[in-house]
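Chain by chain, the residues:
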Amino acid sequence: MNLTQVREYTRMQPDTKLRSGDQFLSGGTWLFSAPHPEALRLVDLTDDAAEPSWEEGSGLALPAALRLGNLSRWAAASDLEAAGLFVAGINGLSSSWKIIERSTVGGNIGLSLAKGAMTPLCLALDGIYELEGPDEAKRVVSAENFQTGSMCNVLMPQEYVRRVLIPASAMHQAWALERITMTAGSHVATNVIGTWDPSTGQFSLTISAVLTFPVRIDFSTPPADIKSIHDAIDARLQGNDYMDDQHGSAPYRHAMARYLAERVLAKLSPRWN
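Residues numbered from 1 in each chain as written. Predicted model: local features only at pLDDT ≥ 70, side-chain atom pairs only at ≥ 80, totals over all residues. Heavy atoms only, no water.

Visitor: Provide a residue-level description of the packing of aromatic side chains, including the pertinent values.
Guide: For any pair of aromatic rings, geometry is given as the distance between the ring centres together with the angle between the planes. Inspection of the entire model under this criterion finds five aromatic pairs. The interplanar angle of 45° and the centroid separation of 5.7 Å between the aromatic rings of F203 and F219 together place this pair among those described as tilted. Within this pair, whereas F203 is found in strand 13 (residues 203–208), its partner F219 is found in strand 14 (residues 215–219), the two being separated by 16 residues in sequence. On the accessibility criterion, F203 (0% relative accessible area) is buried. Taking the relative accessible area as the measure of exposure, F219 reaches 13% and is therefore buried. Of the aromatic side chains, those joined through ring pairs into one cluster are W196, F203, F219 and W272. (Phe/Tyr/Trp six-rings, centres within 6.5 Å; stacked < 30°, edge-to-face > 60°. Helix = DSSP H or I, 4+ residues; strand = E, 2+ residues; numbered from the N terminus. Buried < 20%, exposed > 50% of the residue type's maximum accessible area, 1.4 Å probe, protein only.)

Visitor: Lay out the side chain of T195 with the relevant residues and their values.
Guide: Along the chain, the position of T195 falls in strand 12 (residues 188–196). Aside from chain neighbours lying at most four places away, what touches T195 is A124, Q173, A174, W175, Q202, F203, S204 and L268. (Contact = heavy atoms within 4.5 Å.)

Visitor: Let's hear about the side chain of R67: which residues, and what values?
Guide: With respect to the helices and strands, the residue R67 is situated in the loop between strand 5 (59–63) and helix 1 (68–77). Taking the relative accessible area as the measure of exposure, R67 reaches 5% and is therefore buried. At a separation of 2.7 Å, a polar atom in the side chain of R67 contacts the main-chain carbonyl oxygen of R102. The residues contacting R67, other than those within four sequence positions of it, are S26, G27, T46, D48, E101, R102, S103 and T104. (Polar contact = N/O pair within 3.5 Å; in protein donor to acceptor, adjacent residues only side chain to side chain.)

In structure tokens:
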């Protein structure tokens, strides 16, 4: 840990003015595990009262300070069809119970790990991120356009994820999630989420842990055969930066993306057949 230059700590308040050298703190599970020599002040975004907010007219709002454990429990008790996707995604993390109970939605998204949990979930569900920066400047970015690589995204200096918005229609979609790991406790090597919107017929695949950022492939109607899915995956992944590490080689991950997409299609196809 290298936070030797930090001289100040403050909790985020409505009148807090962000400045150069600010380092945001929430769950803190990563901040204290890597050097941050540029950090001069810690700005604590912690809000233990943060909870999901659902309205049929406006959709689902997830505060950035919402703990992953709290989101999973809320989703498990919800009768919204796509809520179970949050449970499956969060419970599939290789992290300890302690980390899941402290990590936050905004922290997981902002960190933008190639194998992160929240980024593919939000991408699969048409998520929109509200960002806030200095002088309360706000902007919105789609989950599709937010992450650009492993630990790379479009956040500007002193800007943070304020909340995530999921449209109501996305929460009524059917879904299936398939993942593969080298061992029961290791990081995911390939993760594929399938969604199907019964109101429009659109079928989508969201693939993560294969490239350094998650990608989504949309089909206006469910694909007629496996070859259609394989061709779409090959075309979308071609020319991008594959993950290649101790958890799986690039060719292995590509092959698993095709295989897991087949499993997702098999799970969802009874819904439209």
